[in-house]
Amino acid sequence: MASLLSAMYLATGAMATDQGALEVTGNNVANVNTPGYSREVPTLQENTPVVVGNLTYGTGVSLETVQSIREPILQIRIQQETGQQGQLNASVTAMNQAQTLFASGSNDIGTQISNLFSSIAQLSTDPSNLSLRQGVLTAASNLASTFNNTATVLNSQRANLDLNVRQSVQQVNTLTQQIAGLNGQITALQNVGRDGSQFVDRRDNLINQLSGLIDVSEIKSDTGITLTTSNGTALVTGTRSYALSTQADSSGVQHVIDAQGKDITTQINSGALAGLIQARDQAIPGLLNQLDTLTSGLSAAFNSANASGFDLNGDAGGNIFAAPPTGGTGAAAHMRLAITDPALIAASSDGSAGSNGNLASLSSIQNQTVIAGETPTDYYANMVFNVGNDVSNSTAELQSSQLVLQQLQDQRGSISGVSLDEEAANMTQYQRAYDAAAQVVVAVNQMLETVINMGSVAVSS
Amino acid sequence: MSSVRVNPYILPDLLLDLNNTQQQADTASLQMATGSRIDKPSDDPAGAGQMVLNKSETSRADTFLRSATGISGLLQTADSTLSSVVTALQRAISLGVEGANGTLSDTDRADVANELSGIQQQLLSLGNTDYQGEFIFSGTATVQPFVADASDPSGVTYNGNNGSNNVQVGENYSLQINLPGSQVFTSPSADVFQSIADLISAIKSNTNVGTAVSEVSQAYNYVTGQRVFYGNALNQLQSQQNYLSSEKVDLATAGNSISATDMAAAATTFSQSQIALNAELASISRISQTSLFDYLK
């Protein structure tokens, strides 16, 4: 049969269990604002009963485990979306800066092209007028410096992106190192039968940050987690992390190199690094390339039109713009005037100073398809459309990715988030249970006192 | 637990909404302040591309208008110069008719010849008229076109050339802006200076005056005909200026419909987002305050 003392043990055991459960609640409340924290739930279990004859006595309750509530599949979806968002965010930020160079204003390339043609038209009304000739040179020089500035800004933006790539690679290395460390701690705890939840939350959080930088695939194994990029470059295996490095190529652009020395620059498919590299190696060079095409085409057309006429001195016209570099690369950055003397503009078609016949050939460049099969203005208009369209599309993608991520976070929150209402309810529940168990102890205590007093009554009588 | 658990973390969602609403308000207020709904190409890529073309076309229309204004001064000067030439020739004809009258004494004829010499000088100076420092009858040369030359039978040599200039005043529309002096004054069929020189010597020698007068009449008719060129050019220019002005209005209208802010819509968006912003702020301040803990005593 059950004894008073076993009833006392049962009640104090219940108190300990309730206290433990209350601690779990306390920990949940304490971590209500901790990023990546998964709420914990105490698992209470009825103790093995004692069978005496026909009777089965319960032996109370104990705190079996404290379990973190998390959804691993959801976690992976969040990582993927974080990677997507990191990539879009990096490229939208970069291209947003770049597109301001093509915003409509009083100094944009389109306006400068118009100004040049306008100055030529003005000169045609009085072709020997030196100040009108100077006007043409000034407009041409303004156009050249607008091209120079645009190319310079784009190039320095590339240099900034390059620096960002190096910084991101360092961040990746710091994160993989930390993750490998946590892998070791979690494995050690799991080997002694603990789940190491706090470390798992921290690791999930770090993997999430890592996904924002580079594409990550996760494989669970006995020795913890193995992380690779989607192309199989190892980042973390168990307690080992593999550092990426950067190396400048001949043109000074930083390439990303894995621990085996393989260049993985073009194989990074998501995360900020992918966005940075895409902007640095494709989007911005694409813009520079189009600027070079436009500059080379304009320079060549003006030079050849000028060469078909005669200058103010009656000599055959020469180059107006310095000949663009062969292949055109760097043409926009280095566009400059070849002449400083306004008399050298070949306005005349018959060699006499007052003729404006050749200005018509210079003016007509405006309507000629001299830039990759398009007129200069059409080509520039398409450039503006394309750069705007790219930014607008990736901004829309970024916004929808944000919504998806927000929904996933909501979902994660509904599973793993700490609800203060719930915790308050649990707290009262465990508190009440604790109070009740304590009352049992008091009652048993009184009964024991009665038993003890029975003895003293017998002795005194 | 059987009931669906809701996400206890509402703040991040609310903050994201707040951010979006704020952005909406900012965009609307920028659109109202600048009057343009295309601040950067991504605001409307197709519109931004169209605006490049619209601006270029507007600039061309402006340029054509400016060219038209510039050359209309030149054409007017040439026209009024030729008007003076015609008047001078008319006077020469009446002097010639007077000189042909056999009743004139030698002295009277000398006076007539003197006056004709004056007209000769006047014609020379009219032939050398300039517009803003450029001779208007020298063809495409920049030299003084007519120089007195006693060795030449007409008394004048032409130093200009036979070239002429065209100025573009519209798409595929160029206007010739000058006639060379060799065509207006010293055409082989009707040479103004030759006819006056011939008249002077006819009056002086009192021979063949009638022939000389008809020679001057021929020059008079010829120059009158040449003057029509400038009149026509001025007319064409005027109608082209009207056309360009209305084209500019059309382009501005098109430009507005592409890029101008719809003020009413922007103002509505702005005030709506302000209301939304206030509501969101109020809900954030309330929601994050309460939990069951507040009710447990």
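Residues numbered from 1 in each chain as written. Chains lettered and ligands numbered in written order. Predicted model: local features only at pLDDT ≥ 70, side-chain atom pairs only at ≥ 80, totals over all residues.

1. Let's talk about the overall build of chain B
How we decide: The way it works is that DSSP assigns letters per residue, a run of H or I at least four long becomes a helix, a run of E at least two long becomes a strand, and they are numbered from the N terminus. We take the radius of gyration over the C-alpha atoms and set the globule estimate at 2.2 Å times the residue count to the 0.38 power. Here exposure depends only on C-beta density: within 10 Å of a residue's C-beta, 20 or more other C-beta atoms make it buried, 12 or fewer make it exposed, and intermediate numbers make it partly exposed, the C-beta atoms being placed from the backbone. We call two residues in contact if the C-beta atoms placed from their backbones are at most 7 Å apart.
Assigned secondary structure in chain B consists of seven helices and eight strands. For chain B, whose C-alpha radius of gyration is 39 Å, the value lies well above the compact-globule estimate of 19 Å for 297 residues. With the C-alpha coordinates aligned to their principal axes, the bounding extent of chain B is approximately 140 × 30 × 25 Å. In chain B, which comprises 297 residues, the share counted as buried stands at 36%. Partitioning the intrachain contacts of chain B with sequence separation of at least 6 by distance along the chain shows that 69% fall at a separation of at least 24.

2. Re the overall build of chain A
Looking only at helices and strands, chain A has nine helices and 10 strands in total. Rg of the C-alpha trace for chain A: 39 Å, well past the compact-globule value of 23 Å for 461 residues, more than 25% over. Projecting the C-alpha coordinates of chain A onto the three principal axes gives extents of approximately 150 × 45 × 35 Å.

3. Considerations on the packing of helix α2 (residues 72-99) of chain A against helix α5 (residues 197-211) of chain A
All names here are of chain A. Put simply, the rule reads: Helix axes are fitted only over the stretch in contact, all axes being lines through C-alpha atoms; the angle between N-to-C directions runs from 0 to 180 degrees. Here roughly perpendicular refers to angles of 65 to 115 degrees, roughly parallel to angles under 35, roughly antiparallel to angles over 145, and oblique to all remaining angles. Amino acid classes used here: Ala, Val, Leu, Ile, Met, Phe, Trp, Tyr, Cys and Pro are nonpolar; Asp, Glu, Lys and Arg are charged; the rest, including Gly, are polar.
Between α2 and α5, the least distance of the axes is 7 Å, while the angle of their chain directions is 30°. Taken together, the axis directions place α2 and α5 in an arrangement best described as roughly parallel. Residue-level inspection shows Q75, I78, Q79, T82 and G83 of α2 in contact with α5, the latter providing D204, I207, N208 and S211. For the contact of α2 with α5, a count of residues per class yields two nonpolar, six polar and one charged.

4. Section: helix α3 (residues 106-127) of chain B
All names here are of chain B. Put simply, the rule is: Expected span of a helix: the number of residues minus one, times 1.5 Å. The directions from the helix axis to the C-beta atoms are what the arc is built from.
Here α3 contains 22 residues, and its C-alpha end-to-end distance of 31 Å stays within 8% of the 32 Å for a straight helix at 1.5 Å per residue. Every buried residue belonging to α3 is among V112, L116, I119, Q120, L123, L126 and G127, and all of these are buried. Considered in projection along α3, the buried side chains sweep an arc of 120° and stay on one side of the axis. Turned more than 90 degrees away from the buried face of α3, the exposed residues are T107, N114, G118, Q121 and S125. Residues of α3 that are buried make contact with α2 (45-100), β3 (146-148), α4 (181-184) and α5 (192-205).

5. With respect to the packing of helix α3 (residues 109-124) of chain A against α2 of chain B
For the record, the criterion: A clockwise turn of the near helix away from the far one marks a right-handed crossing, whereas an anticlockwise turn of less than a right angle marks a left-handed crossing.
Two numbers describe how α3 of chain A lies on α2 of chain B: the axes approach to 9 Å, and their chain directions differ by 15°. In terms of orientation, α3 of chain A lies roughly parallel with respect to α2 of chain B. Along this stretch, α3 of chain A crosses α2 of chain B, giving a crossing that reads as right-handed. Across from G110, T111, S114, S118, A121, Q122 and S124 of chain A in α3 of chain A, the residues of α2 of chain B making contact are V52, K55, S56, S59, T63, R66 and S67 of chain B. In terms of residue class, the contact of α3 of chain A with α2 of chain B is made up of two nonpolar, 10 polar and two charged.

6. What to know about the interface of chain A and chain B
With 48 residues of chain A at the interface, the matching set in chain B holds 44 residues. Secondary structure elements with two or more residues in the side of chain A that touches chain B: α3, α7 (359-363), α8 (376-416) and α9 (420-460) of chain A. A per-element tally of the side of chain A that touches chain B places α8 of chain A first, with 17 residues.

7. Observations concerning the nonpolar core
The test is simple: To form a nonpolar core, buried Ala, Val, Leu, Ile, Met, Phe, Trp, Tyr and Cys residues must be joined through C-beta atoms within 7 Å.
Counting residues in hydrophobic clusters, the biggest one holds 91 residues, and the most contacted among them are L273, Y380 and V384 of chain A. For this core, the element with the most residues is helix α4 (residues 130-191) of chain A, which contributes 18 residues. Once residues within four sequence positions are removed from consideration, V384 of chain A is found in contact with F102 of chain A together with P41, A48, G49 and V52 of chain B. Ranked by size, the runner-up nonpolar core spans 53 residues in total, among them Y158, L179, L199 and Y222 of chain B.

8. Here's the deal with the domain arrangement of chain A
When the parts of a complex come together, some accessible area is lost, and that lost area is often used as the size of the interface. Residue and element names in this part refer to chain A. Let me state the cut-off plainly: The domain limits used here are those given by an automatic or database domain assignment.
When cut into domains, chain A gives domain 1 (4-69 + 420-460) and domain 2 (76-407). Centre-to-centre, using C-alpha coordinates, domain 1 lies 67 Å away from domain 2. Between domain 1 and domain 2, the contact holds six residues from the first and eight residues from the second. Its residues assigned to classes, the side of domain 1 that touches domain 2 shows two nonpolar, three polar and one charged.

9. Describing the pairing of strand β7 (residues 234-237) of chain A
Residue and element names in this part refer to chain A. Rule in force here: We treat two strands as partners when DSSP finds at least two bridges between them.
Sheet analysis places strand β6 (residues 224-228) next to β7, joined by three bridges and oriented antiparallel. Along β7, the bridge assignment pairs T228 with A234. If you look at the hairpin formed by β6 and β7, you'll find five residues sitting between the two strands, and G232 has a positive phi there, around 90°. Across two bridges, β7 lies against strand β8 (residues 240-241) in antiparallel orientation. The residue bridging T237 from the neighbouring strand is R240, located in β8. Linkage of β7 to β8, two consecutive antiparallel strands, is achieved through a turn of two residues, within which G238 is found at a positive phi near 55°.

10. Focus: the sheet that holds β6 of chain A
Residue and element names in this part refer to chain A. Taking strand neighbours across the sheet as the criterion, the four strands line up as β5-β6-β7-β8 in an open arrangement whose pairing is antiparallel. Two strands close off the open sheet at either side, each with one partner strand: β5 (217-221) and β8. Contacts from α4 reach β6, β7 and β8 within the one sheet, and its direction differs from that of β6 by about 160°.

11. Overview of the environment of V404 of chain A
With respect to the helices and strands, the residue V404 of chain A is situated in helix α8. For the pair V404 of chain A and E81 of chain A, spaced 323 residues apart in sequence, the C-alpha to C-alpha distance is 7.5 Å.

12. A word on unusual backbone geometry
In this structure, A372 of chain A takes a positive phi of about 45° despite not being glycine. Along the chain, the position of A372 of chain A falls in the loop between α7 and α8. Despite not being glycine, N206 of chain B has its phi angle at roughly 55°, a positive value. Note on placement: N206 of chain B falls in the loop between α5 and α6 (209-259). Take N206 of chain B: there are 13 C-beta atoms within 10 Å of it, and that puts it in the partly exposed class.

13. Here we look at helix α1 (residues 11-34) of chain B
All names here are of chain B. Its 24 residues place the ends of α1 34 Å apart at the C-alpha level, agreeing with the 34 Å of an ideal helix rising 1.5 Å per residue. Within the span of α1, buried status applies to T21, A28 and Q31. Those residues of α1 hidden inside the fold are in contact with α7 (263-287). Looking one or two residues past α1, G35 carries a phi angle of roughly 75°, positive in sign.

14. Some points on the environment of I275 of chain B
All names here are of chain B. Looking at the element boundaries, I275 is found in helix α7. Classification of I275 by C-beta neighbours within 10 Å gives exposed; the count is 11. Taking the C-alpha atoms as reference points, I275 and T21, separated by 254 residues in sequence, lie 9.7 Å from one another.

15. Describing the confidence of the model for chain B
Note the cut-off: For every residue, the predictor states its confidence as a pLDDT score lying anywhere from 0 to 100.
Chain-level pLDDT for chain B is 91 on average; 98% of the residues reach the 70-or-more range. Scoring the predicted complex yields pTM 0.86 and, for the interface, ipTM 0.86.

16. Let's talk about the environment of L362 of chain A
Residues and elements named next belong to chain A. Mapped onto the elements, L362 comes out in helix α7. For L362, a count of 26 C-beta atoms within 10 Å translates into the label buried. L362 sits 54 residues away from S308 along the chain, and the two C-alpha atoms are 9.6 Å apart. Sequence-distant contacts of L362, defined by excluding residues within four places in its chain, comprise I120, F302, A305 and N306.

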